[in-house]
Amino acid sequence: MKTKIIEVSSDTNIGGAGKCLLALLENFDYNKFEVKAVLPKNSLLKPHIDAMGIPVIEVDGIADKSLDWSAVGALKRIFKEEKPDLVHTHASMSARIAAKLAGAKIVYTRHSVFPPSKRISRGIGKIINGAVNNFLSNRIIAVAEAAKDNLTDTGVSDKKITVILNGVEGLKPVSDAEKAEIKKRFGLLDGEKAVSIVARLEDIKGHDYFIEAADELLKKGIKAKFFIAGTGSYEEHLKEKVKAIGRGDNIIFTGFISDVDKLMNITDVQANASFGTEATSLALLEGMSLGIPAVVSDFGGNPGVIKSGKNGFIVPKQNAHALAEGIEKLLTDDDLYKELSDGSKKIFSETFTAKAMTRNTENLYLDTIKGGK
């Protein structure tokens, strides 16, 4: 008899947690597991899951929110009817409460890393937060050591937590002819290197420091274009900043691009300058699969992905000069670049594949169902 799993996501768009869910669903051992997904209505995840032939149950009241008491009853009825062996929730507190009421085993994944507020990391607030999360989860997956630290700092028992690093499908390299066409599309000239940052355009993602680093390198005569891929509430501020320093020809805003793999295939160096939230950047992992080294801030899950001198460099957060120095090393030293590019591919294949993430998750499910701690 197959083990019945229900995966619950409250996401209407496809972010990092959604990509992780899709990677899980694509790699499950369906000889052992029967899997269904619960999503909010009109989630962009649904067409992708439908295409895999996995049943989707749509629910009102869970769209882009962790807790909505009006959804608990509907979710409880679903779990009572489906009788899953285990419910895996991706940030949905409503689903955890409903699964508890329905008598199902519960695994909860913490996908994010950010400094916890004093309200839940001190005194009675920490005690209450820890008690609630310990009660509503048989096991908890942290996608980075920093995510585990966030949980324990807010009262969650470390005995409940297992670190399972995010994994992705590796990107496919393109031919030289395709690469030439992609360079034309993005305006990358012969002799120019490409440095990319792929992240939501929000203050805490550190794009200000990326722009300042780019300006510093361009002043030194580095021949490169610096691509900022994504959208967000900070977009206008960043565009005004680039305009003010007169770098619009070399610091390029791509907006949202559905085929980000194309940009990755012409990228020489990736950057990640986050200082307020970062678990395991899937963009960094995808880049590593192509052999792209990265320069990243020392925040959150970044040090769990990038090892200085192995597949890139770690620099202090909110430090544009350090970011520029790391990027310059990779753009100007061909032997170093080759070494770190090879290291990127090696570390990806050993640690960050979607299959490795899925096998580790499946083993946790089975151990949880058996009653393991």
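Here the structure is a predicted model, which is why all the values come from computation and not from measurement.

Undergrad: Just checking my understanding: could you explain the packing of helix H9 (residues 207-219) against helix H10 (residues 235-244) for this structure?
TA: As a packed pair, H9 and H10 sit with axes 10 Å apart at the nearest point and diverge in direction by 15°. Looking at the two axes, H9 sits roughly parallel to H10. Handedness of the crossing formed by H9 with H10: right-handed. Facing His 207, Asp 208, Ile 211 and Glu 212 of H9, the residues of H10 in contact are His 237, Leu 238, Lys 241 and Val 242. Residue composition of the contact of H9 with H10, by class: three nonpolar, two polar and three charged.

Undergrad: Would you mind showing me how to read the packing of aromatic side chains here?
TA: Two aromatic rings, taken as a pair, are described by how far apart their centres are and by the angle between their planes. Throughout the structure, instances matching the rule amount to seven aromatic pairs. Geometrically, the ring pair formed by Phe 28 and Tyr 30 is edge-to-face, given 5.9 Å between the ring centres and 65° between the ring planes. Judged by centre distance (6.2 Å) and plane angle (25°), the ring pair of Phe 28 and Tyr 365 falls under stacked. Taken as a pair, Phe 28 in the loop between helix H1 (16-27) and strand E2 (33-40) and Tyr 365 in helix H15 (residues 354-370) lie far apart in primary sequence, 337 residues in all.

Undergrad: Mind showing me how you'd approach helix H14 (residues 334-351) here?
TA: Owing to its 3.6 residues per turn, the α-helix brings residues three or four apart onto one side. Spanning 18 residues, H14 covers 26 Å between terminal C-alpha atoms, matching the ideal 26 Å at 1.5 Å per step. Among all positions of H14, only Leu 336, Tyr 337, Leu 340, Ser 341, Gly 343, Ser 344, Ile 347 and Phe 348 are buried. Along H14, the residues classed as buried sweep out an arc of 165° about the axis, all on the same side. In this structure, H14 carries Asp 334, Asp 335, Lys 338 and Glu 350 as exposed residues pointing more than 90 degrees from its buried face. Lining the buried residues of H14 we find strand E11 (269-272), helix H12 (282-289), strand E13 (312-315) and helix H13 (320-332). Here H14 starts with a cap whose side-chain oxygen sits 3.2 Å from the backbone nitrogen of Asp 335, and that cap is Asp 333.

Undergrad: Help me understand helix H6 (residues 123-135) in this model?
TA: Here H6 spans 19 Å end to end across 13 residues, near enough to the 18 Å set by a 1.5 Å rise per residue. Buried residues of H6: Gly 125, Asn 129, Gly 130, Asn 133 and Asn 134, and no others. All buried residues of H6 project into a common sector of 150° when viewed along the axis, lining one side. When the buried face of H6 is taken as reference, the exposed residues oriented beyond 90 degrees from it are Ile 124, Ile 127 and Phe 135. Against the buried residues of H6 lie helix H4 (93-102), strand E5 (105-110), helix H5 (118-121) and strand E6 (139-142).

Undergrad: Whenever I open this one, the environment of Gly 61 confuses me. Can you help?
TA: Relative to the helices and strands, Gly 61 resides in the loop between strand E3 (56-59) and helix H3 (69-82). On the basis of relative accessibility, which here comes to 26%, the residue Gly 61 falls in the partly exposed class. Between the alpha carbons of Gly 61 and Ala 71 there is a distance of 5.1 Å; along the sequence they are 10 residues apart. Sequence-distant contacts of Gly 61, defined by excluding residues within four places in its chain, comprise Asp 68 and Ala 71.

Undergrad: When you look at the sheet that holds strand E9 (residues 224-229) in this model, what are you seeing that I'm missing?
TA: In a beta sheet, neighbouring strands are held together by backbone hydrogen bonds and run either parallel or antiparallel to one another. The parallel open sheet is built from six strands, whose spatial order is E10-E9-E8-E11-E12-E13. Pairing within the sheet leaves two strands with one partner each, and these edge strands are strand E10 (251-255) and E13. The sheet shows a mean angle of 20° between the axes of neighbouring strands, taken without regard to direction. Note that strand E8 (residues 193-198) and E9 share six bridges and pair parallel. Within the sheet, the bridge partner assigned to Ala 194 lies in E9 and is Lys 225. Docked against the sheet, H9 engages E8, E9, E10 and E11, running at close to 170° with respect to E9.

Undergrad: Just checking my understanding: could you explain the environment of Val 198 for this structure?
TA: One can find Val 198 in strand E8. Separated by 72 residues in the primary sequence, Val 198 and Gln 270 place their C-alpha atoms 8.1 Å from one another. Contacts of Val 198, omitting those with residues within four sequence positions, involve Ala 229, Val 260, Met 264, Gln 270 and Ala 283.

Undergrad: How should I be thinking about a nonpolar patch on the surface in this particular structure?
TA: There is a patch of nonpolar side chains on the surface, built from Ile 124, Ile 127, Ile 128 and Val 132 and spanning about 390 Å² of accessible area. Along the polypeptide, Val 132 turns up in helix H6.

Undergrad: It is not clear to me how the pairing of E8 should be interpreted in this structure. Could you clarify?
TA: Consecutive side chains of a regular strand alternate in pointing toward one face of the sheet and then the other. Handedness of the β-α-β unit built from E8, H9 and E9 comes out right-handed. Note that E8 and E11 share two bridges and pair parallel. Bridging from a neighbouring strand, Val 195 pairs with Val 269 of E11.

Undergrad: Explain the pattern of salt bridges to me, please; I cannot follow it from the model alone.
TA: Any two side chains of opposite charge can pair, on the condition that their charged atoms come close. Counted under the stated rule, the structure contains 18 salt bridges. As a salt-bridge pair, Asp 50 and Lys 46 come within 2.7 Å of each other at their nearest N and O atoms. A residue pair is termed a helical-turn pair when its members lie 3 or 4 positions apart in one helix, as Asp 50 and Lys 46 do in helix H2 (residues 45-51) at four residues. For Lys 46, a relative accessible area of 24% puts it in the partly exposed group. In this structure, Asp 342 engages Lys 338 in a salt bridge whose closest nitrogen and oxygen atoms are separated by 2.7 Å. In this pair, Asp 342 and Lys 338 are both assigned in helix H14, four residues apart and thus about one turn of the helix distant. Each member of the salt-bridge network shares a partner with another, and the members are Asp 208, Glu 212 and Lys 241.

Here is what the cut-offs are and how they apply
- Residues numbered from 1 in each chain as written.
- Predicted model: local features only at pLDDT ≥ 70, side-chain atom pairs only at ≥ 80, totals over all residues.
- Heavy atoms only, no water.
- Axes fitted to C-alpha atoms, helices over the stretch in contact; angles between N-to-C directions.
- Helix = DSSP H or I, 4+ residues; strand = E, 2+ residues; numbered from the N terminus.
- Parallel < 35°, antiparallel > 145°, perpendicular 65-115°, else oblique.
- Left-handed = near helix turned anticlockwise from the far one by under 90°.
- Contact = heavy atoms within 4.5 Å.
- Nonpolar A, V, L, I, M, F, W, Y, C, P; charged D, E, K, R; others polar.
- Phe/Tyr/Trp six-rings, centres within 6.5 Å; stacked < 30°, edge-to-face > 60°.
- Expected span 1.5 Å × (residues − 1).
- Buried < 20%, exposed > 50% of the residue type's maximum accessible area, 1.4 Å probe, protein only.
- Arc of directions from axis to C-beta.
- Polar contact = N/O pair within 3.5 Å; in protein donor to acceptor, adjacent residues only side chain to side chain.
- Pairing = 2+ DSSP bridges.
- Patch = residues over 30% accessible without salt bridge, like charges linked within 9 Å, V, L, I, M, F, W, Y side chains within 5 Å.
- Areas by Shrake-Rupley, 256 points an atom, 1.4 Å probe, with all protein chains shown as cover.
- Salt bridge = Lys/Arg side-chain N within 4 Å of Asp/Glu carboxyl O.
- Right-handed = clockwise from strand over helix to strand, strands pointing away.

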